[in-house]
Amino acid sequence: MSDEAQLPRYPIPRGVHPPLLSPAYESTRLRAPREPLRLLPQELTEITGPLLGEGRVGPLDHDLTRQHEGEPQGQRIIVTGRVLDEGGRAIPDTLVEVWQANAAGRYAHAVDQHAAPLDPNFTGAGRCLTDAEGRYRFVTIRPGAYPWRNHPNAWRPAHIHFSLFGRAFAQRLVTQVYFPDDPLLGRDPMYMSIPDPAARRRLLCHWSLDITEPDWALGYEWDIVLRGPASTPRHPPDRR
Amino acid sequence: MTLPLTPSQTAGPFLTLGLTWSDGPNVVPDGTPGAIRISGQVLDGAGAAVIDAIVETWQADPDGRFAHPDDPRGSSRSAFRGFGRCATDDEGVFTIVTVKPGSLPAGDGRVEAPHIDVSVFARGLLDRVVTRIYFPDEVDANAVDPVLMTLADTDRATLVALPDGGNLRFDIHLQGDHGTVFFEL
């Protein structure tokens, strides 16, 4: 066992994520694995991950309102925040991907048959890299709520899907951000699948006057916290 | 200082809108010497094809190394992407094009057999599910792999890809008697 370098360790999160089987969300019943998950030791494959940077992000990819000839319908908003790890360290240069419905609550996706209009000026997909302070920033329009077939008169609260890589396979996270004071949240089986109310509320962005741009767009802030690494690393593998 | 984690949510049925890359399935470019195609069908507990999933892969290079600051050995192949992603088609099938990774040193001095880490995202999965692909021509290495050794034979078999012509087949059964082994990490 040689040397200086110590490998990071990512403590397993407890009581944060929703249980895979959450029967109120119908689609989990035939898809959530039923056998207990086995423990995968954190070796090199798990503590490394794709560092996807330049070449993946075009100059307008962060601005979902400027990807077509005209401007999309809806309330223009800015959504920004920092990607951090559990230790409060910024995660710079990491890819953030988003997708969402348009202002009418319709996705530009062939599978979405909701009887609401598509917007020829809105695709609803974006990506950016975090800056040196771990900050991401998107300009978009506020997504609409939409009905789904989970239960009678079911409506999804307005949300934006987020995909995060961090720096390690262990940190990969896909989640959704919601808007504060949405009356649909308490009846949403996805949001409510998170058992801890405090953890749930961490998926709410908050309105910020500082981020709001005069005569232009409302600003919302949402920080994202990915796993680890713990402050007590373990030893590296032999270099053989 | 410890910050509370951001919880996971499902990627939902429209995930391809945000997570599709035209070169996603190409861990290595087509025509790379030694390239193999790994294909598989994702199936639910009723045996129905999961036609709205995205399968992502992450792996070491052919030397068993990563061009990543947390691999203390580094890599001489900095252009090796190591990452693949592919949406399932209308039969629930994904395909990636890659090369076999090398064996990897484990923390306790043992050696991990060549493997690919896999994440599956889909409607109905409130968090990704994680599994591993092992290689059928690595019988000796698989026999002493620290992860495979902990599993019963029937469970092990769910993690070893099947030869399929010159390519490999790796089906993912989310549930059922022959359900794929999934991991917490």
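The structure this text deals with has already been given above.
Residues numbered from 1 in each chain as written. Chains lettered and ligands numbered in written order. Predicted model: local features only at pLDDT ≥ 70, side-chain atom pairs only at ≥ 80, totals over all residues.

K.L.:
Describe the overall build of chain A, and please don't skip the residues or the numbers.
P.N.:
A count of helices and strands for chain A gives 2 helices and 12 strands. Order of helices (α) and strands (β) in chain A, N terminus to C terminus: β-α-β-β-β-β-β-β-β-β-α-β-β-β. The globule rule puts the C-alpha radius of gyration for 240 residues at 18 Å, and the 20 Å found for chain A is close to it. The dimensions of chain A, computed from C-alpha atoms along their principal axes, are 60 × 40 × 35 Å. In chain A, the share of contacts with a sequence separation of at least 24, taken over all contacts with a separation of at least 6, comes to 72%. (Helix = DSSP H or I, 4+ residues; strand = E, 2+ residues; numbered from the N terminus. Rg over C-alpha atoms; globule rule 2.2 N^0.38 Å. Contact = placed C-beta atoms within 7 Å.)

K.L.:
Give a description of the overall build of chain B that names residues and reports values.
P.N.:
Along its length, chain B carries 3 helices and 12 strands. Taking the principal axes of the C-alpha coordinates as reference, chain B spans close to 40 × 40 × 40 Å. Buried residues in chain B amount to 49% of all 185 residues. For chain B, the share of sequence-separated contacts (at least 6 apart) that also reach a separation of at least 24 residues comes to 69%. (Buried ≥ 20, exposed ≤ 12 C-beta atoms within 10 Å, placed from the backbone.)

K.L.:
Describe the nonpolar core, naming the residues involved and giving the relevant values.
P.N.:
The tendency in soluble globular proteins is for nonpolar side chains to be buried as a group. Within the largest apolar cluster, 101 residues are counted, with the highest numbers of intra-cluster contacts made by Val120(B) and Phe121(B). It is strand β7 (residues 115-122) of chain B that provides the largest number of residues to this core, a total of 5 residues. (Core = buried A, V, L, I, M, F, W, Y, C linked by C-beta atoms within 7 Å.)

K.L.:
Quick one: what's the story with the sheet that holds strand β3 (residues 95-100) of chain A, residue by residue and with numbers?
P.N.:
Residue and element names in this part refer to chain A. The strand order across the open sheet formed by 4 strands is β4-β3-β8-β9, and the pairing between neighbours is antiparallel. Each end of this open sheet is capped by a strand with a single partner; those strands are β4 (125-129) and β9 (173-178). Averaged over neighbouring strand pairs, the angle between their axes works out to 25° when direction is ignored. Where β3 meets strand β8 (residues 159-164), 5 bridges bridge the pair, whose relative direction is antiparallel. Its bridge partner lying in β8, glutamine 100 is registered against isoleucine 160. (Pairing = 2+ DSSP bridges. Axes fitted to C-alpha atoms, helices over the stretch in contact; angles between N-to-C directions.)

K.L.:
I'd like a description of the pairing of β9(A), backed by residues and values.
P.N.:
Burial of β9(A) is extensive: 6 of the 6 residues sit out of reach of the surface. Of the two faces of β9(A), both are covered, the one formed by Leu173(A), Thr175(A) and Val177(A) as well as the one formed by Val174(A), Gln176(A) and Tyr178(A).

K.L.:
Can you break down the interface of chain A and chain B residue by residue, with the values?
P.N.:
Opposite the 74 residues of chain A that make contact, chain B presents 61 residues. Of all the secondary-structure elements, those providing two or more residues to the side of chain A that touches chain B are β1 (38-39), α1 (44-47), β3, β8, β9 and β12 (224-226) of chain A. As paired strands, β1(A) and strand β12 (residues 183-184) of chain B are joined by 2 bridges and run parallel to one another. When the bridges of β12(B) are listed, Leu39(A) appears paired with Glu184(B).

K.L.:
Explain unusual backbone geometry to me, using residue names and the numbers behind them.
P.N.:
Residue and element names in this part refer to chain A. The amide bond that connects glycine 228 to the next residue, proline 229, takes the cis arrangement and shows omega of -5°. A positive phi angle, near 55°, is found at asparagine 153, a position not held by glycine. Here asparagine 153 lies in the loop between β6 (146-148) and β7 (154-156). A tally of 6 C-beta atoms within 10 Å means that asparagine 153 is categorised as exposed.

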